[in-house]
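For reference, the chains in residue letters:
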Amino acid sequence: MELKNVKLPGDKSLSHRALILAALRTGTTELENISTGEDVKSTLNCLRSLGVQIENLDSKLIVKGVGLQGFKKPLAPLDCGNSGTTMRLFMGLLAGQNFETVLIGDKSLSLRPMKRVAEPLRQMGACIELTNGNYAPIRILPAQLGPLKYDLPMASSQVKSALMLAAIISNQNVVLGGELHSRDHTERMLPYFFDNSDKMLSWKVPGDISSGSFWIAAGLLRGVKVKLEDVLLNPTRLGFINVLRDSGVNIHLDLHSEEPEPRGDITVQPSAMMPFRLGKNQIPYLIDEIPLLVLLATQISGRSVITGAEELRYKESDRIVKTAEVFRQLGGYVETTSDGFLIEGKQSLNGGLIDTFQDHRLTMMAAVAGLVCENQVSFSETDSAKVSDPYFFNEWKEFL
Ligand code: S3P
């Protein structure tokens, strides 16, 4: 049996950026396969509230660029929903405008740190008010931005991208150093979208490699070959694939094209895995796949160790605490440390009713864990999966 043609949404990180960069061009952009997940809808709605025209046409989105200075003052606060990428990138987009905006988010997003973006933007001259010094709601007052030289204290693509967007909107030099090794989509996409900014541009977003990882893990646990077609193969997103390879999994990548983002097919043969050790330098390239790696580690004989991953505490939930909690609910045990996990395999898992903590990646990980549980897994809710992958549970029914 082989699993292929799993319906994957367009990559979420690329979809946010494609919509934003298309809005900032002066020409029209035709985007195919934009993620239909809730997070990207938040970005789309925020852009519409800023006066950007985005239309649906034959499963494509047609974005009429307003140029770097073309946003209009929104009539109401911009709702970023559950999306950290939306909130942080829009902080960069809005810090240098001549009108005031307020950014709000759901309960989870309102608990995530925003000072990491506000601080360097303030050094550029931005006037940003955070709730309790670090959180949304965020009030951004009109300001003129100046240049910035800044060392990023944490490897975060969202912070890095917010500063790059602030730089291009305000036409100021921003020189970044420090922890730069995070996903590099904004760097790659900027020239692609802005060379010939006034011309018509068409782009199809490749499939989401992070959503694809759930199917790769499912194939490994089920002993089924998995082929994912036309997915993103950007090296800064291949950390999960590289760990699997180093642990003995037979994986073939077939690169189809490079510009502006590498894309192609991934084929994974069911293989035995060895335990693994992950450290700080690998974490940014697999940050969203760590719950899945913890699951796989519970099913490998031996001890796996994940360190340097304290950034997980600032995701949609505290993913160190909540991943361990999901395994406790499943009848397993993973030890947490301040910055990661110690995982002993091979564990037998029971299953049962799982509180997902409304964190999309934990919900889908628990579904995949169900493949190796003695009893069925049921969920406190499954809607959270729609944040990144609206197709997941439909496809899952067919897989089971
Ligand atoms: C993202 C960056 C990552 C990742 C998130 C999406 C992005 O966060 O966890 O899901 O699109 O820039 P960091 O800001 O920690 O890199």
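These figures come from a predicted structure and were not determined experimentally.

> I would appreciate a short explanation of the overall build of the protein in the present structure.
Summing up its helical and strand segments, the protein has 12 helices and 20 strands in all. Projected onto the principal axes, the alpha-carbon positions of the protein cover approximately 60 × 45 × 35 Å. Taken over 400 residues, the protein has a buried fraction of 58%. Sequence separation of at least 24 residues holds for 74% of the intrachain contacts in the protein that already meet a minimum separation of 6. Put simply, the protein shows about 15,600 Å² of open surface, and 47% of that area lies on carbon and sulfur atoms. When the 42 basic and 46 acidic side-chain charges of the protein are each reduced to a single mean position, those positions are 2 Å apart.

> It is not clear to me how unusual backbone geometry should be interpreted in this structure. Could you clarify?
Apart from glycine, the bulk of residues carry a negative phi angle, and the bulk of peptide bonds sit in the trans form. Look at the link from Ala136 to Pro137: it is a cis peptide, with omega at -5°. In this fold, Pro137 is placed in strand β8 (residues 135-141). The step from Gly345 to Lys346 runs through a cis peptide bond, and the omega angle for that step is 0°. By the secondary structure assignment, Lys346 is in the loop between β18 (340-345) and β19 (352-354). Not every positive phi belongs to a glycine, and Asp58 is a case in point at roughly 45°.

> Explain the pattern of salt bridges here, please?
Oppositely charged side chains can form a pair if their charged atoms are brought close together. Applying the stated rule across the entire model yields 24 salt bridges. Among the ionic pairs, Glu30 bridges to Lys60, the shortest N-O distance being 3.6 Å. Within this pair, whereas Glu30 is found in strand β2 (residues 28-32), its partner Lys60 is found in strand β4 (residues 60-64), the two being separated by 30 residues in sequence. For the salt bridge of Glu229 with Lys227, the shortest nitrogen-to-oxygen distance reads 3.9 Å. Residue class for Glu229 comes out partly exposed when judged on its relative accessible area of 35%. One continuous salt-bridge network, built from bridges that share partners, spans Arg112, Arg183, Asp288, Glu316, Arg319, Asp359 and Arg361.

> Which parts of the structure should I look at to understand the pairing of strand β12 (residues 225-232)?
Each regular strand shows side chains that alternate between the opposite faces of the sheet. Pairing of strand β1 (residues 2-4) with β12 involves 3 bridges; the strand directions are parallel. The residue bridging Leu3 from the neighbouring strand is Val226, located in β12.

> Any chance you could explain the environment of Gly332 here in plain terms?
Assignment of secondary structure puts Gly332 in the loop between α10 (319-330) and β17 (335-337). Under the relative-accessibility criterion, Gly332 is labelled buried at 14%. Considered as a pair, Gly332 and Asn350 are 18 residues apart in the sequence and their alpha carbons are 7.7 Å apart. Residues within four places of Gly332 in sequence aside, it is in contact with Phe327, Gln347 and Leu349.

> Got a minute to help me understand the domain arrangement of the protein in this structure?
By a widespread convention, an interface's size corresponds to the accessible area lost as its parts come together. Assigned domains within the protein: domain 1 (11-204) and domain 2 (209-399). Between domain 1 and domain 2, the C-alpha centre-to-centre distance is 28 Å. At the junction of the two partners, domain 1 supplies 27 residues and domain 2 supplies 29 residues. Surface buried jointly by domain 1 and domain 2 totals about 2,400 Å² across both partners, of which 46% is contributed by carbon and sulfur atoms. Looking only at domain 1, the three residues that lose the most surface to domain 2 are His181, Arg183 and Arg188, adding up to 25% of its buried area. At the junction of domain 1 with domain 2, the criterion picks out 5 salt bridges. Of the charged contacts, one joins Asp11 and Arg237 as a salt bridge, the two residues approaching to 2.9 Å between their closest N and O atoms. Applying the counting rule to domain 1 against domain 2 returns 16 residue pairs in polar contact (both at pLDDT 80 or more). Considering every element that reaches the side of domain 1 that touches domain 2, the biggest residue donor is helix α6 (residues 185-194), with 4 residues. The residue makeup of the side of domain 1 that touches domain 2, split by class, is 7 nonpolar, 9 polar and 11 charged.

> Would you mind going over the environment of Ser257 with me for this structure?
Secondary-structure assignment places Ser257 in strand β13 (residues 250-257). For the pair Ser257 and Leu233, spaced 24 residues apart in the sequence, the C-alpha separation amounts to 9.4 Å. Residue contacts for Ser257: discarding those within four places in its chain leaves Pro262 and Arg263.

> Looking at this model, I keep getting lost on the nonpolar core. Mind explaining?
Nonpolar side chains in soluble globular proteins tend to end up buried together. Ranked by size, the top nonpolar core spans 127 residues in total, and within it Phe71 and Met91 carry the most contacts. In terms of residue count, the dominant contributor to this core is helix α1 (residues 12-24) (8 residues). Apart from residues no more than four positions distant in its own chain, Met91 is found in contact with Leu103, Met114, Val117, Ala118, Leu121, Ile128, Leu130, Ile138 and Ile140.

> What am I meant to see in helix α4 (residues 115-123) here?
Residues spaced three or four apart along an α-helix face the same direction, because each turn holds 3.6 residues. For α4, every residue scored as buried is listed here: Arg116, Val117, Ala118, Pro120 and Leu121. The inward-facing, buried residues of α4 contact α3 (84-94), β7 (127-131), β9 (148-152) and α5 (157-170). Within two residues after α4, Gly125 carries a phi angle of roughly 110°, on the positive side.

Calculation criteria
- Residues numbered from 1 in each chain as written.
- Predicted model: local features only at pLDDT ≥ 70, side-chain atom pairs only at ≥ 80, totals over all residues.
- Heavy atoms only, no water.
- Helix = DSSP H or I, 4+ residues; strand = E, 2+ residues; numbered from the N terminus.
- Buried < 20%, exposed > 50% of the residue type's maximum accessible area, 1.4 Å probe, protein only.
- Contact = heavy atoms within 4.5 Å.
- Areas by Shrake-Rupley, 256 points an atom, 1.4 Å probe, with all protein chains shown as cover.
- Lys, Arg positive; Asp, Glu negative; His and termini not counted.
- Charge placed at Lys NZ, Arg CZ, Asp CG, Glu CD.
- Salt bridge = Lys/Arg side-chain N within 4 Å of Asp/Glu carboxyl O.
- Pairing = 2+ DSSP bridges.
- Domains from an automatic or database assignment.
- Buried area = accessible area lost by both parts, 1.4 Å probe.
- Polar contact = N/O pair within 3.5 Å; in protein donor to acceptor, adjacent residues only side chain to side chain.
- Nonpolar A, V, L, I, M, F, W, Y, C, P; charged D, E, K, R; others polar.
- Core = buried A, V, L, I, M, F, W, Y, C linked by side-chain atoms within 4.5 Å.

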